[in-house]
Amino acid sequence: MNAPVKLPLLEKAEPRSKNRLTSLIGQRGATAVRAVLPPLLGILLFLGVWALIAARSDGLPGPGPTWTAAVALFSDPFYDNGPNDMGIGWNILHSLARVGVGFGLAALIGIPLGFAIGRFAFLSGMLSPIISLLRPVSPLAWLPIGLLVFEAAGPASIWVIFISSIWPIILNTAAGVASVPQDYLNVAKVLKLSEWKVLTRILFPSVLPHLMTGIRLAIGVAWLVIVAAEMLTGGTGLGFWVWDEWNNLNVEHILIAIIVVGLIGLLLEQSLLLLARRFDYAS
């Protein structure tokens, strides 16, 4: 009879594969812990400081009462009892709509203008004094002009967002165009490329990182400005809602609004970061 065949290699291979799997799981677990632990500790530290300050203050609610108020608030975020009594969901949507229109107009005008300023020295010299004069003006200083021209709170808020967010787009786009190596443009001259091909084949891929930086700065400015503008104009929106809750001495809702504003701003910025990575020609 033939002796049974032994498979020593298979017996040794099985524990090795298990060791590799365990090592891989351990590495991924350690990476996950390193990614999650610092933000978690930061949030806990923030909540601890908040609770400590609230314990020493008579009017400031702590994390616990604020969480209870938030659960009740978001249980019905889209109720509508008239223009002065709407759920927080409607106010968020109204603010986002105004930011979207104002920021969209700023991008529609600012991006081509930034390309033109960076491309043509004469235009840059002509518009630079105007931009330098108007850019440092406080956003809310433009609100009375908007109310005078448009005679309505909504368009005036959109105007403030537009005039505040257009400058980062123009300046960063123009800086990106000006930083394109001259050799690229010289090659385009030799090849007799049209201005459209120079724009789409040379300038746009090179300027995209600067452009996305300008857009991120602009959306941040727009989201900051809308809350202040809505506080002054009234009507609907997060800014008006915060002011209305202050008049009602509902501090929990004001704190909730602050957190909501921060979370929405974070989501907007992260969305633009993902978009920038999607269209990053250098990667």
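For every chain, the first residue of the written sequence is number 1, and numbering continues from 1 onward in sequence order. Totals for whole chains, interfaces and linings use every residue, but because this is a predicted model, local features are given only for residues with pLDDT of at least 70 and side-chain atom pairs only at 80 or more, for both listing and counting. Note that water and hydrogens are dropped before the side-chain values are worked out from all heavy atoms of the structure.

A look at the overall build of the protein chain
Secondary structure counts use DSSP, requiring at least four H or I residues in a row for a helix and at least two E residues in a row for a strand, with both numbered from the N terminus. A count of helical and extended segments in the protein chain gives ten helices and zero strands. For the protein chain, the sequential pattern of α-helices and β-strands runs α-α-α-α-α-α-α-α-α-α. Throughout, exposure labels follow a simple rule: accessible area from a 1.4 Å probe, protein chains only, divided by the maximum for the residue type, with under 20% read as buried, over 50% as exposed, and the rest as partly exposed. Across the 283 residues of the protein chain, 33% fall into the buried class. The criterion used for residue contact is that any of the two residues' heavy atoms lie within 4.5 Å. Of all intrachain contacts in the protein chain linking residues separated by at least 6 positions in sequence, the fraction that spans at least 24 positions is 68%.

Some words on the pattern of salt bridges
By salt bridge we mean one thing: a side-chain nitrogen of Lys or Arg within 4 Å of a carboxyl oxygen of Asp or Glu. According to the stated counting rule, one finds two salt bridges in the structure shown. For the salt bridge of Arg98 with Glu230, the shortest nitrogen-to-oxygen distance reads 2.7 Å. Taken together, the residues Arg98 in helix H3 (residues 88-119) and Glu230 in helix H8 (residues 195-233) connect sequence positions 132 residues apart. Overall, the relative accessible area of 0% leaves Glu230 in the buried class. Measuring nitrogen to oxygen at the nearest pair gives 3.0 Å for the salt bridge that ties Glu269 to Arg216.

Observations regarding unusual backbone geometry
Positive phi values are uncommon outside glycine, yet Glu151 reaches one of about 60°. As for its position among the elements, Glu151 is in the loop between helix H5 (143-150) and helix H6 (153-178). Relative accessible area serves as the criterion here: at 69%, Glu151 is assigned to the exposed category.

A word on a nonpolar patch on the surface
Patch members must show over 30% relative accessible area and no salt bridge, and they are joined within 9 Å when carrying like charges or within 5 Å when they are nonpolar side chains of Val, Leu, Ile, Met, Phe, Trp or Tyr. Accessible areas in this description were obtained via Shrake-Rupley with a 1.4 Å probe; residue shielding takes into account the shown protein chains only. A surface patch of nonpolar side chains, amounting to about 820 Å² of accessible area, comprises Val33, Val36, Leu37, Leu40, Leu41, Ile43, Leu44, Phe46 and Leu47. Relative to the helices and strands, Leu40 is located in helix H1 (residues 8-55).

What about the UniProt feature "transmembrane region" (unreviewed entry) in the protein chain?
UniProt's feature table lists "transmembrane region" (unreviewed entry) at residues 36-55, 96-121, 141-162, 217-242 and 254-276, given in the numbering used throughout. The span residues 254-276 is 100% helix and 0% strand, and its two end C-alpha atoms sit 33 Å from each other. UniProt positions are given in the numbering used here, feature names are shortened, and annotations may be inferred rather than shown by experiment.

Structural notes on the packing of H5 against H6
Lines fitted to C-alpha atoms define the axes, with helix axes restricted to the stretch in contact, and inter-axis angles between N-to-C directions lie between 0 and 180 degrees. In the contact formed by H5 and H6, the axes pass within 8 Å of each other and the chain directions differ by 135°. The pairing of H5 with H6 is recorded here as oblique in orientation. Relative to H6, the crossing made by H5 is right-handed. Here Leu143, Ile145, Gly146, Leu147 and Phe150 of H5 come into contact with H6, specifically with Ala153, Pro155, Ala156, Trp159 and Val160. Looking at the contact of H5 with H6 residue by residue, the classes come out as nine nonpolar, one polar and no charged. Any angle from 65 to 115 degrees is called roughly perpendicular, while one under 35 is roughly parallel, one over 145 is roughly antiparallel, and all others are oblique. Handedness of a crossing is defined here by the sense of rotation of the near helix relative to the far one, left-handed for an anticlockwise turn of less than a right angle and right-handed for a clockwise turn. Any residue outside Ala, Val, Leu, Ile, Met, Phe, Trp, Tyr, Cys, Pro, Asp, Glu, Lys and Arg is labelled polar, Gly included; the first ten of those are nonpolar and the last four are charged.

A word on the packing of aromatic side chains
For any pair of aromatic rings, geometry is given as the distance between the ring centres together with the angle between the planes. Two aromatic rings, drawn from Phe, Tyr or Trp (for Trp, its six-membered ring), form a pair once their centres lie within 6.5 Å of each other, and the interplanar angle then sorts them: stacked below 30 degrees, edge-to-face above 60, tilted otherwise. Inspection of every chain in the model, using the stated rule, returns four aromatic pairs. A centroid spacing of 5.2 Å and a plane angle of 85° characterise the contact between Phe78 and Trp90, whose relative ring orientation is edge-to-face. With Phe78 in the loop between helix H2 (63-74) and H3 and Trp90 in helix H3, this residue pair connects regions lying twelve residues apart in the sequence. Taken together, a centroid distance of 5.8 Å and an interplanar angle of 80° make the contact between Trp142 and Trp159 edge-to-face. One end of the pair, Trp142, is in the loop between helix H4 (121-134) and H5; the other, Trp159, is in helix H6, and 17 residues separate them in sequence. Accessibility expressed as a relative area gives 21% for Trp159, which makes it partly exposed. By way of ring pairs, the aromatic residues Trp142, Trp159 and Phe162 are connected into one cluster.

So, H6
To estimate how far a helix should reach, multiply one less than its number of residues by 1.5 Å. Counted at 1.5 Å a residue, the expected span for H6 with its 26 residues is 38 Å, and the 39 Å between its end C-alpha atoms agrees. Take the seven residues that end at a residue and the seven that start at it, fit an axis to each, and the angle between those axes is the bend at that residue. Taken as a whole, H6 carries its principal kink of about 30° at Ile166; the proline Pro168 stands between one and four residues after it. Judged by how many residues are buried, H6 sits mostly within the fold: 19 of 26 residues are covered.

Concerning the environment of Pro65
One can find Pro65 in helix H2. Between the C-alpha atoms of Pro65 and Glu252, which are 187 residues apart in sequence, the distance is 7.3 Å.

Observations regarding H4
Between its terminal C-alpha atoms H4 stretches 20 Å, which fits the 20 Å expected from 14 residues at 1.5 Å a residue. Residue Leu127 marks the point of greatest curvature in H4, where the axis turns by about 35°; the proline Pro129 follows within four residues.

Overview of the confidence of the model for the protein chain
Within a predicted model, pLDDT stands for the predictor's per-residue confidence, ranging from 0 to 100. For the protein chain, per-residue confidence averages 82 on the pLDDT scale, and 88% of positions sit at 70 or higher. Here residues 9-13 scores under 50 on pLDDT; set against residues more than four positions off or in separate chains, the count is zero contacts.

Some thoughts on the side chain of Glu245
As for its position among the elements, Glu245 is in helix H9 (residues 238-247). This count recognises Lys and Arg as positive and Asp and Glu as negative, with His and chain-terminal groups excluded. The buried charged residue Glu245 lacks any salt bridge, with Arg98 as its nearest oppositely charged partner at 15 Å. The contact partners of Glu245, leaving out residues within four places of it in the chain, are Asn250, His253 and Ile254.

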